Amino acid sequence: MTQQWDPDAYDQHARFVSDLGAPVLDLLEPLAGERVLDLGCGDGALTERLRRAGCLVVAVDSSPEQVWAALERGLDARIIDVRELDFEGEFDAVFSNAALHWVSEADLVIRGVWRALTPGGRFVAEMGGAGCVQSIRDALGSALATRGVDSASVDPWYFPTEDEYRTRLERGGFEIESIQRFPRPTPLPGDVSHWLGIFAQHFLDAVATDERPTVIEEVRTQLEPELRNTNGVWVVDYVRLRFKARRTE
Ligand code: BEZ
């Protein structure tokens, strides 16, 4: 299946994703006049900030709905799968926030990024790192297992360790300036059921439509002691992998 994005639901329940992207923008240190490729731009909230910094930004995403939302901001947004980048030496920097963990073919992405950059160009990104949303993955795994589904067969997320991603980047022709993996417990603006509806579609689609509300309720009940604090706020166990690398030649 392909993940479907609803820009309105995203805006209401997942705005924290772009709001928390500011440190990655800081790491990029965008300069006015630089040509920047934004990979997995979503609705373009961070692309807009790059443009405000004076960058000439091309934003790509595989979701037509999100690209449409980005176009409505007046951005140069294109429907392109990050595995199929065909830019050649066109960018001073490639930027990505919270997108690369949706693509398990990491080497393919890295190759496309390398080709898109000019020699010395930088690749600055943040994605989920090893251990990200482990509690949710486990709870979805148990709920599907009781229904005879092996969740590994539908799990779309790729959360590498820093060693694994460093090796891939170096093999792909990049020099690492920094790479860190760190926990970032993330408060949700609402109930975890909204998060599941937006982000866990691959798991929910593995069961019959009329069974999905029951699965969500079961997962919610399993997660509540671990993820809901005494003020009633859901705090999800996000882990980030953040890096800055340069194309070496
Ligand atoms: C993340 O940004 O790390 C993330 C997004 C969706 C699902 C899981 C993790």
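What you see is a predicted model, and the numbers here were worked out from it, not measured in a lab.

Thresholds applied
Chains are numbered independently. Their residues run from 1 in the order of the written sequence. Owing to the predicted nature of the model, reporting of local features is limited to residues with pLDDT of at least 70; listing and counting of side-chain atom pairs is limited to 80 or more, with chain, interface and lining totals taken over all residues. Based on all heavy atoms of the structure, the side-chain values leave hydrogens and waters out of the count. For helices the rule is a DSSP run of H or I covering at least 4 residues; for strands it is a run of E covering at least 2, with both sets numbered from the N terminus onward. The atom set for the radius of gyration is the C-alpha atoms, and the globule formula is 2.2 Å times the number of residues raised to the power 0.38. For every residue, the accessible area (1.4 Å probe, protein chains only) is compared with the maximum for its type, and the residue is labelled buried under 20%, exposed over 50%, or partly exposed between those bounds. Only heavy atoms matter for contacts: two residues are in contact if any of them lie within 4.5 Å across the pair. Shrake-Rupley sampling with a 1.4 Å probe provides the accessible areas, and residues are treated as covered by the protein chains on show and by no other component. Only four residue types enter the tally: Lys and Arg on the positive side, Asp and Glu on the negative side; His and the chain ends are excluded. By convention, the point assigned to a charge is CZ for Arg, NZ for Lys, CD for Glu and CG for Asp. Each axis is a line fitted through C-alpha atoms, taken for helices only over the stretch in contact, and angles between the N-to-C directions span 0 to 180 degrees. Angle categories are assigned with fixed cut-offs, so that under 35 degrees is roughly parallel, over 145 is roughly antiparallel, 65 to 115 is roughly perpendicular, and the rest are oblique. In this scheme the handedness of a crossing depends on how the near helix is turned from the far one: anticlockwise by less than a right angle means left-handed, clockwise means right-handed. When residue character is reported, Ala, Val, Leu, Ile, Met, Phe, Trp, Tyr, Cys and Pro are called nonpolar, Asp, Glu, Lys and Arg charged, and the others, Gly included, polar. Here, a salt bridge means any side-chain nitrogen of Lys or Arg that lies within 4 Å of a carboxyl oxygen of Asp or Glu. Here a Phe, Tyr or Trp ring, Trp counted by its six-membered ring, pairs with any other such ring whose centre lies within 6.5 Å, and the pair is stacked when the planes are under 30 degrees apart, edge-to-face when over 60, and tilted otherwise. A ring is scored as having a charge over it whenever the NZ atom of a lysine or the CZ atom of an arginine sits within 6 Å of its centre and within 35 degrees of its normal.

Colleague: Could you give an account of the overall build of the protein, naming the residues involved and the relevant values?
Modeller: Scanning the protein for helices and strands turns up eleven helices and seven strands. Taken over C-alpha atoms, the radius of gyration comes to 18 Å for the protein, in line with the 18 Å a tight globule of 249 residues would show. Taken over the C-alpha atoms alone, the protein extends approximately 50 × 40 × 35 Å along its principal axes. Buried residues in the protein amount to 53% of all 249 residues. Partitioning the contacts of the protein with sequence separation of at least 6, the portion at a separation of at least 24 is 76%. Counting every atom, the protein has about 11000 Å² of accessible surface; 49% of that belongs to carbon and sulfur. Charge separation in the protein, taken as the distance between the mean sites of 26 positive and 42 negative side-chain charges, equals 4 Å.

Colleague: Tell me about the environment of Q222, and please be specific about residues and values.
Modeller: Looking at the element boundaries, Q222 is found in helix α11 (residues 212-227). Classification of Q222 by relative accessible area gives partly exposed; the value is 42%. Taking C-alpha positions, Q222 is 20 Å from P189, a pair spaced 33 residues apart along the chain.

Colleague: So what about the packing of helix α6 (residues 106-116) against helix α8 (residues 162-171)? Which residues, and what values?
Modeller: One way to put it is that α6 packs onto α8 with a least axis distance of 10 Å and a crossing angle of 45°. As the angle between them shows, α6 and α8 are arranged oblique. In terms of crossing hand, the pair formed by α6 and α8 is right-handed. Contacts between α6 and α8 involve A106, D107 and I110 from the former and Y165, R168, L169 and R171 from the latter. Its residues assigned to classes, the contact of α6 with α8 shows four nonpolar, no polar and three charged.

Colleague: Any chance you could break down the pattern of salt bridges for me, citing the residues and the numbers?
Modeller: By the definition in use, this model includes 26 salt bridges. When the shortest N-O distance is used, the salt bridge between E126 and R240 registers 3.1 Å. Remark: R240 occurs in strand β7 (residues 235-247) and E126 occurs in strand β5 (residues 117-128); sequence separation between them is 114 residues. In terms of burial, E126 and R240 fall into one category: buried. For R246, the salt bridge identified is with E177, shortest N-O distance 2.5 Å. Remark: E177 occurs in strand β6 (residues 174-187) and R246 occurs in strand β7; sequence separation between them is 69 residues. When its relative accessible area of 29% is taken as the criterion, R246 is described as partly exposed.

Colleague: Would you mind going over the packing of aromatic side chains in detail, with residue names and values included?
Modeller: Tallying each qualifying case throughout the model produces 14 aromatic pairs. For the pair F123 and F243, a centre-to-centre distance of 5.0 Å together with 85° between the ring planes defines the contact as edge-to-face. A residue pair is termed long-range when its members are at least 10 positions apart, and F123 in strand β5 and F243 in strand β7 qualify at 120 residues. A residue is classified by how much of its surface remains accessible, and F123, at 0% relative accessible area, is buried. Each ring, one from W157 and one from W195, has its centre 6.0 Å from the other, and the planes form 70°; the classification is edge-to-face. Taken as a pair, W157 in the loop between α7 (134-145) and α8 and W195 in helix α9 (residues 192-199) lie far apart in primary sequence, 38 residues in all. According to the relative accessible area criterion, W157 is buried, its value standing at 8%. With a relative accessible area of 4%, W195 lands in the buried category. Among the aromatic side chains, those forming a connected cluster through ring pairs are W5, Y10, W102, W157, F159, W195, F199 and F203. Over the ring of Y238 we find R184, and its NZ or CZ is 5.1 Å from the ring centre. Geometry around W114 places R247 over its ring, the cationic atom sitting 3.6 Å from the centre.

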